[in-house]
Amino acid sequence: MCHCDWLWLLWFLPVHGSVWGLAADNGKRSCWLMGKSVSGSVYQAGDVVIGGLFPIHDGAPLPEQDFRSIEENATCTIFNQRSYRWLQTMIFAVQEINRDPALLPNLTLGYLAADTCLAEGTTLGAALAMVTGQELSVGGTECGITPEVTVIIGDPRSSSSIVVAQTLGPFHFPMVSYLATCVCLSDTRRFPSFFRTVPSDAHQTRGMAMLLRRLGWVWVGLVSGDDDYGKFGVQLLLQELQGSGVCVAYSEVIPKVQNQKKLRQIVDTIRTSTAKVVVTFTIQTDAQALLEEVVRQKVTDKQWIATEAWITYTGLAAPKNLPSLAGTIGFALRKADIPGLGPFLTRLRPDGEDQKSDPFLREFWEDMFGCSLGLDLKVNPSSRRQCSGSEVIGIGKSLYADVSQLRVTYNVYKAVYAIAYAIQDMVACQPGEGPFNGGKCPDIRKLQPSQIVHYLRTVKATTPVKESFHFDQNGDPPASYDIINWHVTPEGTTELVHVGYFLSSQESNSKFHIDMEKVVWGCGSGDKVPVSLCSAPCPPGTRQAVQKGKPVCCFDCLPCAEGEISTATGSFECSKCPEQFWSNPNRTECVPQLVDFLSYSDTMGMVLSVISVSGAMLTAGALATFLYYRHTALVKANNSELSFLLLLSLKLCFLCALVFIGRPKPWTCILRHTLFGISFVFCISCLLSRTLVVLVAFRATLPGKNLMRYFSPTQQRIGISLCTLIQVLICALWLALSPPRPAKKVGREGRGPMVVLECAVGSMACFSLVLGYIGLLASLCLLLAFLARKLPNNFNEAKFITFSMLIFCAVWVAFVPAYVSSPGKYTVAVEIFAILASSFGLLFCLFAPKCYIILLKPDKNTKKYLMAK
């Protein structure tokens, strides 16, 4: 650098500041001043002059836009005591270093501090004025000399720092900002010579996201300024919140050209929103404009989260603001106590030595004490009293002299020391071992800005408060924040209470701590953490269903479906219960499914068991009666052997019903169907044989008919055995191919599904053969009995057999649809009912009349009566 070449760019910059151009005079080049900065400055000569950019005023003049004349006597408005303290801190640090015999013993630091008026144009103009100087014309031989200011401290605003860094960065002109936090400034490709003593917003947004997650605030509002600080800050915060479950209810932007209508609209959005937490990413002036409207509209039910830009700004913590802002919590830069700064700040006098070199002192004094030092005031003289000049600036009595919260002030202090230590490293350079071409060391008397950039990258500085710091590869310092909470004292004033800290790094080992017992919350919650939710968490047994068109934090709570549960509050999905388990009525836990089978403990099971045993006992009674009266005419006439076999088979039919009751097991499933099939075939075979004997016996009395020789007792037994054997073979084939086995089937009842324990038939074909064979024998028996219906009544059983078989067939025909349509254990009950009903039909129809005669009408139990017509 250091040649007129780098000044060519400045010739094209239309800014409100000192801008140099080039002109040719008789073939010789010279530099001439195109315009002057509208801001004032404070200057002290030195071997190395440090520039400083401070927004002493908050209002910049409007730019001249007709491009016909140069604006004269333009002034900035609204004096800022806080920024003036930063300027004085820079002067204090420079003087402290100059007095230190060990740091820079043979070198004197100077300073040139300028007012930026809190605007990009005036900031760039002030920076260029420092670099180019203020002489109206510079000869060609002096056009390329080294600028007097070789490093600039500032600017506090990210937007202004970007403008200055982009302009001076290509020439490797170093800047050390004390408050510009935009993460974009960490890009060394765009800003290769930018450094800062304040952490990047990347760390602050990480801490904010951790705070929101730690406190369960998932529904928040965002308010940002219309500048790089606000835009990049909100963008980073949204990136940090991705996937965390935190949703943004609204995002409002405060325009730079503020108007009450827009501010009212923003505050109306804040007031009407259900989000109780408001996160702000604004500079101090934007925050003040917003919060004044918040106080005016009496919005008192919000929890404010502040950034380092205004959390320690006591100007906002006035008693009138506390109903709305008490409990505000935010991240503040690390605080430090600077020895000797308080007395230094209060040394100022309007008639002292500083009055001549400090153009801001008079305005500061008038703003501090609300008086006038003369008649040429910028306002009506009658509105202020005359200053005596003997007023005293008390430490801690004003925003300017408040040294209890030295945070940004300390960053200014550190910036001066970082530059001083970098210069010290330059002085310590040994010829031949320097970092530049050929091992050269920098010439401290003709110091180049690019040389300072090199040494700032490697500097390791230590301030008088014993803090060591350095810049990383991006020019950023280590990140350290205090968590500050606004408390209300008994006197009604604001107390900034340290309630935690956040130490951040590029790695994942950030440390976040907050003492919940110390925090006083906003929203009037006192010591209770405010709740900020779009929708209350869904209780166990429900799941969250996002409302259409709304963020994921806004949802409805839907009950879990049957068979699904959720055990935690705020579940997004319901989980299915394992097999053989089902959800309880509240859908909060899986319980074993109801096991349904016909057991002996059930009322139905007990009733059917009693009926089955009663039938077997009645059958045994009939068998005993026939056995006891086996020599009587009636028993002999009814073929006592067939009667005994028939009663025995009926007894088996009654008892087989008991096997259907109880928990299905492999052996009971096999026994159920085989015993049922064989018992009924045995019974019907006996009845069929008896029907044939009766029918043939009467047909054999006709001349030429001798059919009885085919129905002797032996042949009857063979016939019964053959019929039964066929069923035995079918059952054996069934057991060989696919035997009945226990099975589980899901059924339903009022409380949900249940596991139905049953006996699966296995081979449906074999099961159909068993039932079909029984039906075939029953149909044949019914047909034969129907043919014998006209035989003599006294000896004729055909009517009773016909009636019994009609009952048998009716029961089993009705059994099929009832069996298919019956659920659960009622299927088994229907089958047992069919067995018992058909067995009782046979028992009562065939043996009840005979037992009645044997026991109650013995006079009819004679051969004479039976042979009578």
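Here, the structure is the one placed above.
A brief structural summary. (Residues numbered from 1 in each chain as written. Predicted model: local features only at pLDDT ≥ 70, side-chain atom pairs only at ≥ 80, totals over all residues. Heavy atoms only, no water.)

Focus: the packing of helix α18 (residues 713–737) against helix α19 (residues 764–787)
No. 1: Relative to each other, α18 and α19 sit at 170 degrees, their axes nearing to 9 Å. With respect to their mutual orientation, α18 and α19 come out roughly antiparallel. Like other packed secondary-structure pairs, α18 and α19 cross with a definite hand, here left-handed. Touching Cys-723, Ile-726, Gln-727, Ile-730, Cys-731, Leu-733, Trp-734 and Leu-737 of α18 are Cys-766, Phe-767, Leu-769, Val-770, Tyr-773 and Ile-774, all from α19.
No. 2: When grouped by side-chain class, the residues that make up the contact of α18 with α19 number 13 nonpolar, one polar and no charged. (Axes fitted to C-alpha atoms, helices over the stretch in contact; angles between N-to-C directions. Helix = DSSP H or I, 4+ residues; strand = E, 2+ residues; numbered from the N terminus. Parallel < 35°, antiparallel > 145°, perpendicular 65-115°, else oblique. Left-handed = near helix turned anticlockwise from the far one by under 90°. Contact = heavy atoms within 4.5 Å. Nonpolar A, V, L, I, M, F, W, Y, C, P; charged D, E, K, R; others polar.)

Considering the pattern of salt bridges
No. 1: According to the stated counting rule, one finds 16 salt bridges in the structure shown.
No. 2: When the shortest N-O distance is used, the salt bridge between Arg-189 and Asp-187 registers 3.6 Å.
No. 3: The exposed category is assigned to Arg-189, whose relative accessible area is 76%.
No. 4: In this structure Asp-187 comes out as partly exposed when scored by relative accessible area, which is 24%.
No. 5: The residue Glu-366 makes a salt bridge to Arg-362 at a minimum N-O spacing of 3.6 Å. With Glu-366 and Arg-362 both in helix α11 (residues 361–369) and four residues apart, the pair spans about one turn of that helix.
No. 6: The exposure class of Arg-362 is partly exposed, given its relative accessible area of 32%.
No. 7: Residues joined by salt bridges that share partners form a network here, namely Asp-227, Lys-256 and Asp-286. (Salt bridge = Lys/Arg side-chain N within 4 Å of Asp/Glu carboxyl O. Buried < 20%, exposed > 50% of the residue type's maximum accessible area, 1.4 Å probe, protein only.)

Comments concerning the sheet that holds strand β7 (residues 109–115)
No. 1: Ordered in space as β3-β7-β4-β9-β10-β11, the six strands form an open sheet in which the pairing is mixed. A single partner strand is all that each edge strand has here, and the edge strands are β3 (41–44) and β11 (194–196). Averaged over all neighbouring strand pairs, the angle between strand axes comes to 20 degrees, with direction disregarded.
No. 2: When strand β10 (residues 175–177) meets β11, the two strands line up parallel, connected through three bridges. Residue pairing in the sheet places Met-175 in a bridge with Phe-194 of β11.
No. 3: Strands β4 (48–54), β7 and β9 (149–153) of the sheet are contacted by helix α2 (residues 120–132), whose axis makes an angle of about 170 degrees with β4. (Pairing = 2+ DSSP bridges.)

Remarks on unusual backbone geometry
No. 1: The peptide bond linking Gly-154 to Asp-155 adopts the cis configuration, its omega dihedral lying at -5 degrees.
No. 2: Mapped onto the secondary structure, Asp-155 falls in the loop between β9 and α3 (158–168).
No. 3: Positive phi, normally seen in glycine, also occurs at Leu-118, with a value near 60 degrees.
No. 4: Locating Leu-118 in the fold gives a position in the loop between β7 and α2.
No. 5: Backbone geometry places Arg-587, a non-glycine residue, at a positive phi of 60 degrees.
No. 6: Structurally, Arg-587 can be placed in the loop between β28 (581–583) and β29 (590–592).

Observations concerning the packing of aromatic side chains
No. 1: Applying the stated criterion across every chain yields a total of 32 aromatic pairs.
No. 2: Consider the rings of Tyr-481 and Phe-502, whose centres lie 6.4 Å apart with planes at 25 degrees: the pair is stacked. In this pair, Tyr-481 sits in strand β21 (residues 479–488) while Phe-502 sits in strand β22 (residues 494–504), placing the two residues 21 residues apart along the sequence. Pair check on accessibility: Tyr-481 and Phe-502 agree, each one buried.
No. 3: Joined through ring pairs, the aromatic side chains of Phe-92, Phe-344, Tyr-410, Tyr-413 and Tyr-417 make up one cluster.
No. 4: Over the ring of Phe-469 we find Lys-414, and its NZ or CZ is 5.4 Å from the ring centre. (Phe/Tyr/Trp six-rings, centres within 6.5 Å; stacked < 30°, edge-to-face > 60°. Lys NZ or Arg CZ within 6 Å of the ring centre and 35° of its normal.)

Comments concerning the sheet that holds strand β12 (residues 219–225)
No. 1: Taken in spatial order, the eight strands line up as β13-β12-β14-β15-β16-β21-β22-β23 in an open sheet, and their pairing is mixed. For this open sheet the edge positions go to β13 (247–254) and β23 (511–514), each flanked by a neighbour on one side alone. For this sheet the average axis-to-axis angle between neighbouring strands, irrespective of direction, equals 25 degrees.
No. 2: The sheet contact formed by strand β14 (residues 277–281) and strand β15 (residues 303–306) spans three bridges and is parallel. Pairing of Val-279 across the sheet is with Ile-305, part of β15.
No. 3: Packing against the sheet, helix α6 (residues 260–272) makes contact with β12, β13, β14 and β15, and its axis sits at approximately 165 degrees to β13.
No. 4: Across the sheet, helix α7 (residues 284–296) is in contact with β12, β13 and β15; its angle to β15 comes to roughly 175 degrees.

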